[in-house]
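One-letter residues, chain by chain:
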Amino acid sequence: MATSATTPRLHVRSDFPIFAREIDGRPLIYLDSAATSQKPAAVIEAMDDYYRRHNANIHRGVYTLAQEATDLFEGARERVAAFTGAETATTIFTRNATEAINLVAYAWGRANVGPGDVVLITQMEHHSNIVPWQLLCQGTGAELRYLDVSDEGTLSLDQLDAELAGGRVKLAAFAHISNVLGTINPVAEMASRVRAAGALSLVDASQAVPQIPVDVAAVGADFYVWTGHKALGPTGIGVLHGRRDVLEAMPPFLGGGDMIRVVDWQESTWNDLPWKFEAGTSMIAEAVGLGAAVDYLGELGMENVRAHERALAAYALERLADVGGVRVIGPPDPDERGGVISFELEGVHPHDVAELINRQNVCVRAGHHCAMPLMRRLGVPATARASLGPYNDASDVDALVEALVNAKKVFA
Ligand SMILES: Cc1ncc(COP(=O)(O)O)c(C=O)c1O
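Residues numbered from 1 in each chain as written. Predicted model: local features only at pLDDT ≥ 70, side-chain atom pairs only at ≥ 80, totals over all residues. Heavy atoms only, no water.

A. The site of the ligand, seen in detail. Residues in contact with the ligand, as listed here, are Asn96, Ala97, Thr98, His126, Ser128, Asn179, Asp204, Ser206, Gln207, Thr227, His229 and Lys230. Take Lys230: an N or O atom from its side chain is 2.5 Å from an oxygen atom of the ligand. Within the complex, the protein chains bury 88% of what would otherwise be the 400 Å² of accessible surface of the ligand. Tallied by class, the residues present in the shell around the ligand amount to one nonpolar, nine polar and two charged. (Near = heavy atom within 4 Å. Polar contact = N/O pair within 3.5 Å; in protein donor to acceptor, adjacent residues only side chain to side chain. Areas by Shrake-Rupley, 256 points an atom, 1.4 Å probe, with all protein chains shown as cover. Nonpolar A, V, L, I, M, F, W, Y, C, P; charged D, E, K, R; others polar.)

B. Structural detail: the sheet that holds strand E14 (residues 340-345). Here four strands make up an open sheet; going across it, the order is E13-E14-E17-E16 and the pairing antiparallel. Strand pairing shows two members of the sheet lacking a second neighbour, strand E13 (326-329) and strand E16 (365-367), which therefore form its edges. Between one strand and the next, the sheet's axes are offset by a mean angle of 30°, whatever the strand orientation. Taken together, the four bridges between E13 and E14 define a ladder with antiparallel strand orientation. Residue pairing across strands places Val326 opposite Leu345, the latter belonging to E14. This element, helix H10 (residues 302-323), spans E13 and E14 of the sheet and lies at about 5° to E14. Running over the sheet, helix H11 (residues 350-358) touches E14, E16 and strand E17 (383-387) and is turned about 160° from E16. (Pairing = 2+ DSSP bridges. Helix = DSSP H or I, 4+ residues; strand = E, 2+ residues; numbered from the N terminus. Axes fitted to C-alpha atoms, helices over the stretch in contact; angles between N-to-C directions. Contact = heavy atoms within 4.5 Å.)

C. Molecular detail of the packing of helix H1 (residues 41-54) against helix H9 (residues 284-300). Two elements in contact, H1 and H9, have axes whose closest approach is 8 Å; the angle formed by their N-to-C orientations is 145°. As for the relative orientation of H1 and H9, their crossing is right-handed in sense. Across the interface between the two elements, Ala42, Val43, Ala46, Met47, Tyr50 and Tyr51 from H1 touch Ile284, Ala285, Glu286, Val288, Gly289, Ala292 and Ala293 from H9. Taken together, the residues that form the contact of H1 with H9 break down as eleven nonpolar, one polar and one charged. (Left-handed = near helix turned anticlockwise from the far one by under 90°.)

D. Structural view of the pairing of strand E11 (residues 260-263). As defined by bridge partners, E11 adjoins strand E12 (residues 268-270) across three bridges and the pair is classed as antiparallel. Bridge assignment links Val262 to a residue of E12, and that residue is Thr269. Connecting E11 to the next strand, E12, in antiparallel fashion are four residues.

E. Spatial organisation of the environment of Arg261. Its location among the elements puts Arg261 in strand E11. Among the residues examined, Arg261 registers a relative accessible area of 49% and is labelled partly exposed. For the pair Arg261 and Trp275, spaced 14 residues apart in sequence, the C-alpha separation works out to 9.9 Å. The residues contacting Arg261, other than those within four sequence positions of it, are Thr269, Trp270, Asn271 and Asp272. Here Asp272 takes part through its side chain, which lies 2.6 Å from a polar atom of the side chain of Arg261. (Buried < 20%, exposed > 50% of the residue type's maximum accessible area, 1.4 Å probe, protein only.)

F. Spotlight on the nonpolar core. Phe93, Val203, Val209, Tyr224, Trp226, Leu290 and Leu374 are the most contacted members of the largest nonpolar core, which totals 75 residues. Ranked by residue count, the leading element in this core is H9, at eleven residues. No fewer than three residues from each of domain 1 (13-39 + 302-411) and domain 2 (44-298) sit in this core. Other than its neighbours up to four places away in sequence, Leu374 contacts Gln123, Met124, Val149, Val180 and Leu181. Ala316, Leu388, Ala399 and Leu404 belong to the second-largest nonpolar core, a separate cluster that totals 32 residues. (Core = buried A, V, L, I, M, F, W, Y, C linked by side-chain atoms within 4.5 Å. Domains from an automatic or database assignment.)

G. Main features of the pattern of salt bridges. Within this structure, the stated rule accounts for 27 salt bridges. A salt bridge links Arg13 to Asp393; the shortest N-O distance between them is 2.9 Å. Of this pair, Arg13 sits in the segment before strand E1 (22-23) while Asp393 sits in the loop between E17 and helix H13 (394-411), and the two are 380 residues apart along the sequence. Assessed through its relative accessible area of 24%, Asp393 is described here as partly exposed. (Salt bridge = Lys/Arg side-chain N within 4 Å of Asp/Glu carboxyl O.)

H. Representation of the side chain of Ser282 in the model. Relative to the helices and strands, Ser282 resides in the loop between E12 and H9. When its relative accessible area of 11% is taken as the criterion, Ser282 is described as buried. Apart from the residues within four sequence positions on either side, Ser282 is in contact with Ile58 and Phe73.

I. Main features of the domain arrangement of the protein. Taken domain by domain, the protein consists of domain 1 (13-39 + 302-411) and domain 2 (44-298). Averaged C-alpha coordinates put domain 1 and domain 2 at centres separated by 28 Å. Of the residues lining the interface, 39 residues belong to domain 1; the matching set on domain 2 comes to 35 residues. When the two sides are added together, the surface that domain 1 and domain 2 hide from each other amounts to roughly 2900 Å², 58% of it contributed by carbon and sulfur. For domain 1, the biggest contributors to the area lost against domain 2 are Met302, Leu374 and Arg377; these three give 23% of the whole. Between domain 1 and domain 2 we count one salt bridge in total. Residue Arg377 pairs with Asp151 through a salt bridge whose shortest N-O separation is 2.7 Å. Viewed at the interface, domain 2 and domain 1 are joined by 21 residue pairs in polar contact (both at pLDDT 80 or more). (Buried area = accessible area lost by both parts, 1.4 Å probe.)

This is the structure we're talking about:
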């Protein structure tokens, strides 16, 4: 049972309408927030209000409704930037984290990476932070190299230094928090070493922004990307924070409306930041929703979210040990990991684990978690993964443990 040290500090489940839902008369035990988070009523209502009362296209109209929509969109950008400690003008809205990374790989990469250069990533990356670099390297003749993941699920700064000492690294890209291992990487230290070696860095913070306080300026990376739907916001919106001088020197990614200043018969000039990288009609309602999500998280306080999920992860690690036959993957110390817990249950395929515990409405993910190279490194075809949100509490962990005990019985 939960001890006082592990008792979660947040009690916000009732803010999330989906938890009123029952399936087969049982409550929902949602442990898949690393895939996507649930949404508080504040986000749903902000988007509903936008469509009901303010819907118009942005940046172009002089009429009141268009100005309201523009103010809501740009206001959301200001709050998103403030939430992450970034500048508003260098906070670019994209479709998701994947598009943000592709934007950098195409727009910056094609202009700056060539034969013999190295793009350095790590073995713990999500496919979104692998495949764009593969495409860049294939297209330019650069080499894609990887930092190893230790048996405990960590990276080596010595290996980073050794790679940088080779003098060929143009850009290093790494996750802030691994979506499989839960590892919290020392990204500020990594970005500083990369910078000192004359290369650029990109941090994939898709799992970090929802889980821990982040400060983009303090991390000091050239690019810092995340995705709205994991941070209590809607799908269809992601964020690229970039260093101003780098963004200004980059060519655009997509061409079209809104990203131009002047279009002539043969060529065009570009709009200021951030709009230079936002071609076409933006995801206006989604930005409004993301603005409401960061307001909500800001009110909870990200220190409180982290403390809550850290305590719950510690409790989960403790309780999973009671099941017998559970092997948790990733750092054992809750201070070094986020609320993402991948595990194997001896003798039961992860897909069977997920399916069996779904009978008790326990929602976990099973598979490669879009990290096939990491699965190869770990020597497993797949894992089961329980991941936490601010709405989870000790009873969810208890339900997971009970469901796993039952699943074991089926296979006994
Ligand atoms: C670490 C990490 N990076 C990138 C992504 C991609 O996010 P999206 O699909 O929203 O672009 C994910 C999503 O699972 C992730 O966990």
